[in-house]
Amino acid sequence: MPPTNGIAPVCSFLGSSLISTKLIFLAILEVNNKITTIVKSNLYELYKNALIGKTNLEVTELSMGTAPIGGWPVEVSSEVAHETLLTAWNKGIRYFDTAPLYGSGMSELRVGNFLKNKKREDFVLSSKVGRVIVDTDQSKAAEKFIGSPHDKDSNFDFSYDGVMKSFEDSLNRLQLD
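Being a predicted model, the structure only gives us computed values, none of them experimental.

Q: I tried to follow the sheet that holds strand S8 (residues 124-126) on my own but got confused; where do I start?
A: Through backbone hydrogen bonds, the strands of a sheet pair up, either in parallel or in antiparallel fashion. Across the sheet, which stays open at both edges, the three strands sit in the order S6-S7-S8 with parallel pairing between neighbours. A single partner strand is all that each edge strand has here, and the edge strands are strand S6 (64-65) and S8. Pairing geometry for strand S7 (residues 95-97) and S8, over three bridges, is parallel. Bridge pairing links phenylalanine 96 to leucine 125 in S8.

As structure tokens, this is what we get:
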């Protein structure tokens, strides 16, 4: 997505989860090297929580999908990624969704760096399994996740060992146990 009139949208959209039909839009724009945060809402209570199915797991009804801070569809600096996560946190978002695919692990690293000093009981984090990050000479993922490492890519591996490696690698990138 090329810049338009000096404005380059560079970060995340928070859409409604399956639980809610309310919409929220959060974007961080970089204009002439100044960061601007835009939050639009229809006066929805961001702190509202919901249970997941028949479990005891409670999440905010709105979550932050983190593909954009992994470089999709435009490059995002570490500073802007952090500011986006901080804005979501300050607006009450406590459910973050990421994946090894997003920037060949870059999204997980950024989310992990942000959440590492937060109390573990204060947030819910989801990721995916079945993608193992590998070293490569030329990343195909870097074509879609702009700014992601050119020497990393992901391979599908849904074998038991592949799922466990994907899970363990994600925990390491997210700095969780």
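Q: For this particular structure, what's the right way to read helix H2 (residues 106-115)?
A: Most of H2 sits out of view: eight of its 10 residues are buried. Among all positions in H2, only Met106, Ser107, Glu108, Arg110, Val111, Gly112, Phe114 and Leu115 are buried.

Q: Would you explain the packing of H2 against helix H3 (residues 160-174) in this entry?
A: Packed helix pairs are specified by the crossing angle of their axes together with the interaxial distance, meaning the distance between the axes. Packing of H2 against H3 leaves a shortest axis separation of 7 Å and a crossing angle of 45°. The angle between H2 and H3 places the two elements in the oblique class. Contacts between H2 and H3 pair Glu108, Leu109, Val111 and Gly112 from the former with Ser170, Arg173 and Leu174 from the latter.

Q: Even after reading the chapter, I still don't get the pattern of salt bridges, so can you show me in this structure?
A: Think of it this way: side chains of opposite charge can pair up when their charged atoms draw near. Throughout the structure, instances matching the rule amount to four salt bridges. In this structure, lysine 165 engages aspartate 169 in a salt bridge whose closest nitrogen and oxygen atoms are separated by 3.0 Å. Here aspartate 169 and lysine 165 lie together in helix H3, a separation of four residues that amounts to about one turn. Looking at lysine 165, the relative accessible area reads 40%, which means it is partly exposed. Overall, aspartate 169 belongs to the buried group, its relative accessible area being 18%.

Q: Which parts of the structure should I look at to understand unusual backbone geometry?
A: Backbone torsion omega between tryptophan 72 and proline 73 reads 0°, so that peptide bond is classified as cis. Positioned with a positive phi, serine 104 is a non-glycine residue whose angle comes to about 50°. With respect to the helices, strands and loops of the structure, serine 104 is situated in the loop between S7 and H2. Although it is not a glycine, glutamine 175 adopts a positive phi angle of roughly 60°.

Q: Explain the packing of helix H1 (residues 78-90) against H2 to me, please; I cannot follow it from the model alone.
A: Between H1 and H2, the shortest axis-to-axis distance is 10 Å and the interhelical angle comes to 55°. Put simply, H1 runs oblique to H2. Along this stretch, H1 crosses H2, giving a crossing that reads as right-handed. Of the residues in H2, those touching H1 at Ser78, Ala81, His82, Leu85, Leu86 and Trp89 are Arg110, Val111, Phe114 and Leu115. Each residue belonging to the contact of H1 with H2 can be placed in one class, and the counts come to seven nonpolar, two polar and one charged.

Reading the values: rules and limits
Residues numbered from 1 in each chain as written. Predicted model: local features only at pLDDT ≥ 70, side-chain atom pairs only at ≥ 80, totals over all residues. Heavy atoms only, no water. Pairing = 2+ DSSP bridges. Helix = DSSP H or I, 4+ residues; strand = E, 2+ residues; numbered from the N terminus. Buried < 20%, exposed > 50% of the residue type's maximum accessible area, 1.4 Å probe, protein only. Axes fitted to C-alpha atoms, helices over the stretch in contact; angles between N-to-C directions. Parallel < 35°, antiparallel > 145°, perpendicular 65-115°, else oblique. Contact = heavy atoms within 4.5 Å. Salt bridge = Lys/Arg side-chain N within 4 Å of Asp/Glu carboxyl O. Left-handed = near helix turned anticlockwise from the far one by under 90°. Nonpolar A, V, L, I, M, F, W, Y, C, P; charged D, E, K, R; others polar.

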